[in-house]
Every structure is written in structure tokens, then in C-alpha cells.
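Structural description and commentary
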Amino acid sequence: HDCDDRTSVITTGTAFSYATTTLSPNTTYSYIAYAESVAGRTETTELDFLTDPPDPTASITAVPLTINLGDSTTLTWSSTNAVDCTGTGFATGGNTVDTLPVSPVADTTYDVTWQNSAGVTASDSVTVTVIIPPPPPPPLTPPDPEVNGPSELIRQGESFDLEWRIKNIPEA
């Protein structure tokens, strides 16, 4: 049970402890201990304490996750309960919620880490895949025809042999 202005805990002896699991994060609580001895002497002690802030949450996305070389994607990151944000592979500017267009030239993983006021961290990451087109084919070499015939003068009515070859014909 919670110990508050409406609750009294009565115990006897020289030591007392009280535990609760229902405290809210980032809240100040005040407790007053009152003790009276058998001789009637009284002592009062007040204790104030602040509970830790809640743990931060982490989220980063990239839309689209896969891009062609030269295109861009948009990173979106957000956190709750954080006071600072750092990125690996990009600058967050310390912003805990933001977007940023990026144009990676290869597959890239973007990491972010958030921190709350108590120093507790949360991290997340996203990987963007970059499709790199294959290299272009080598340039075609133009065909190189070669024709061979008689090296002498041909007279009317005579026959002759003619040969030809074409080099550098691309294969189908």
C-alpha cells in the first residue's frame, strides 16, 4: 500500500522499512517519520525524493527502405521521454523527433540513440538498401569487312573467284 497523508503505518521496535511499487516516474514524494520513545520523547524526520524519469523509447524508419543509386529516402526518428538524440551516419541536431532526406551511395545502416534526463538510453537502427545498376556493356566494335579477289586485270567473259570475310560481328 502507498504511504501518503491519509495512511499511517504503526510499528514497534528499532527499525522500520517501507516498500512500494506504485510510484510514478519523475515525481517528488515526501515522507514524514514520527517516532516516540517509551519515555515520551518524540522525533520527526522528513524525507523528500524524486523518482527517476521514465525510460526513453526509440524509433527510426526510412521510406522507402530500398532506393536506386542517386535517389533519396527520408529518415524519420522519434522518441518519448528523451532529452537528447544522437545519430550515426547522419546528424540529428539533438532533435528527438525529426525527418531528414538522405541519399546513400551504398547500403547504409543509420543508428540513433536517445537519452533521458537520468542518463538512461534507448537505441534503434534502420538499413537502407541501394540498388546499384550493372556497368554498361563495352562499346561495340564496328564490323570490319575484308574482300579478296584477283590481283590481275580480268577480261570480259573470264571468270574469277571472290572471297570476303567480315570481322568483329557481335555474337547473338
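The rules behind these values
- Residues numbered from 1 in each chain as written.
- Predicted model: local features only at pLDDT ≥ 70, side-chain atom pairs only at ≥ 80, totals over all residues.
- Heavy atoms only, no water.
- Helix = DSSP H or I, 4+ residues; strand = E, 2+ residues; numbered from the N terminus.
- Buried < 20%, exposed > 50% of the residue type's maximum accessible area, 1.4 Å probe, protein only.
- Contact = heavy atoms within 4.5 Å.
- Areas by Shrake-Rupley, 256 points an atom, 1.4 Å probe, with all protein chains shown as cover.
- Pairing = 2+ DSSP bridges.
- Axes fitted to C-alpha atoms, helices over the stretch in contact; angles between N-to-C directions.

With respect to the overall build of the protein
Secondary structure summary: the protein contains zero helices and eleven strands in total. Moving toward the C terminus, one meets the helices and strands of the protein in the order β-β-β-β-β-β-β-β-β-β-β. Taking all 172 residues of the protein together, 16% fall into the buried category. Within the protein, counting contacts between residues at least 6 apart in sequence, those at least 24 apart form 43% of the total. With an accessible surface of roughly 13100 Å², the protein has 53% of that area assigned to carbon and sulfur atoms.

Some words on the pairing of strand 2 (residues 42–50)
The pairing of strand 1 (residues 28–36) with strand 2 spans nine bridges and is antiparallel. Within strand 2, the residue paired with Thr28 across the bridge is Leu50. Here strand 1 folds back onto strand 2 in antiparallel fashion, the turn holding five residues, of which Gly40 has a positive phi close to 95°.

A few points about the sheet that holds strand 5 (residues 73–78)
Within a sheet, adjacent strands bond to each other through the backbone by hydrogen bonds, running parallel or antiparallel. Read across the open sheet, the three strands follow the order 3-5-7; overall the sheet is antiparallel. Of all strands in the sheet, those bounded by a partner on one side alone are strand 3 (59–63) and strand 7 (98–102). Geometrically, the sheet is characterised by an average inter-axis angle of 20° between neighbouring strands, direction not taken into account. As judged from the five bridges shared by strand 5 and strand 7, these two strands associate in the antiparallel manner.

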